[in-house]
Amino acid sequence: MSIVDNRKAFHDYFIEERYEAGLVLEGWEVKAIRAGRVQIKEAYVVLQHEEPFIIGMHVSALATASTHVKPDPTRSRKLLLNADEISKLIGKVEQRGYTLVPLDLHYTKGRVKVAVGLAKGKKQYDKRETEKDRDWQREQQRLLRKRA
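Numbering of residues starts from 1 in every chain and runs along the sequence as written. At least 70 in pLDDT is required for a residue's local features to be given in this predicted model, at least 80 for side-chain atom pairs to be given and counted, and no such filter applies to totals for whole chains, interfaces and linings, which use all residues. To get the side-chain values, take all heavy atoms of the structure and skip hydrogens and water.

Draft legend 1. Here's a closer look at the side chain of Arg77. The helix and strand labels rest on DSSP assignments: H or I over at least four residues marks a helix, E over at least two residues marks a strand, and numbering proceeds from the N terminus. In this fold, Arg77 is placed in strand β7 (residues 77–80). Accessible area is worked out with a 1.4 Å probe on protein chains only. A residue is then buried under 20% of its type maximum, exposed over 50%, and partly exposed in between. With a relative accessible area of 0%, Arg77 lands in the buried category. N or O atoms closer than or at 3.5 Å make up a polar contact, with two conditions inside protein: a donor-capable atom paired with an acceptor-capable one, and, for residues adjacent in sequence, both atoms drawn from side chains. A distance of 2.9 Å separates the side chain of Arg77 from the side chain of Glu29, its partner in a polar contact. At 3.0 Å, the side chain of Arg77 and the backbone oxygen of Met57 are in polar contact.

Structure below.
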């Protein structure tokens, strides 16, 4: 079940591979995410000292859940991946010019997970071409519905 999607990532990047990662969260963050008070549109993933961190993910604190702590809504949060996946990502990000983008937050067996995409940036003409294809597919569906 998806909590929030990052539609901007699909507009700005070609997604080559997807990985599912766990998040290191505090209790108030989990409650806020379950309430849907999270945004990942401007977030990105960096590798620091061979550990992945998500930066720029905004989690708005609930007034009832965070009375005793000082919440930082945009703190960097550690991602939990297998060592093999991390080493593979390090190689691709450093050598081939890829970037890591969070695609969506979702639940897996009651836990909050993030889908991370290995992405390559789109040029402006690629974005226009994607938009043109999307419009053409929409027009085709509209024409087929009129015939039926």
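Draft legend 2. Expanded view of helix α3 (residues 83–96). To estimate the expected span of a helix, count its residues, drop one, and scale the result by 1.5 Å. For α3, spanning 14 residues, the distance from its first C-alpha to its last is 20 Å, which sits close to the expected 20 Å at 1.5 Å a residue. All buried positions along α3 are accounted for by Ile86, Leu89, Ile90 and Lys92. Here, residues are in contact when the closest pair of their heavy atoms is within 4.5 Å. Elements in contact with the buried residues of α3: β2 (13–23), β4 (44–48), β5 (51–55), β8 (99–108) and β9 (111–121). Following α3 by one or two positions, Gly97 has its phi on the positive side, about 75°.

Draft legend 3. Summary view of the nonpolar core. Membership of the largest hydrophobic core comes to 28 residues, with the highest contact counts inside it found for Leu23, Met57, Leu79 and Leu105. Sorting the residues of this core by element identifies β2, α2 (27–34), α3, β8 and β9 as the ones contributing at least two each. Not counting the four nearest positions on each side in its chain, Leu105 is found in contact with Ser2, Ile3, Val4, Leu23, Val38, Ile40, Met57, Val112, Lys113 and Val114. Counting residues in each nonpolar core, the second largest holds five residues, with Val101, Leu103, Ala115 and Ala119 among its members. Grouping buried Ala, Val, Leu, Ile, Met, Phe, Trp, Tyr and Cys residues that are joined through side-chain atoms within 4.5 Å yields what is termed a nonpolar core.

Draft legend 4. Inspection of the environment of Ser87 at higher detail. Position of Ser87 among the secondary structure elements: in helix α3. With 33 residues separating them along the chain, Ser87 and Ile54 place their C-alpha atoms 17 Å apart.

Draft legend 5. Region of interest: the environment of Asp12. Structurally, Asp12 is set in helix α1 (residues 7–12). In this structure, the C-alpha to C-alpha distance between Asp12 and Glu29, residues 17 residues apart in sequence, is 28 Å. Excluding residues within four positions of it along the chain, Asp12 makes contact with Gly121, Lys122 and Lys127. Among the polar contacts made by the side chain of Asp12, one reaches the side chain of His11 at a distance of 3.1 Å.

Draft legend 6. Broad picture of α2. By the burial criterion, the buried members of α2 are Trp28, Glu29, Ala32 and Ile33. All buried residues of α2 project into a common sector of 135° when viewed along the axis, lining one side. Among the exposed residues of α2, those pointing more than 90 degrees away from its buried face are Gly27 and Lys31. Those residues of α2 that are buried are in contact with β1 (2–5), β3 (38–39), β6 (58–59), β7, β8 and β9. One or two steps after α2, the chain reaches Gly36, where phi turns positive at roughly 85°. This arc is built from the directions going out from the helix axis to the C-beta atoms.

Keep in mind these numbers describe shape, not what the thing actually does.
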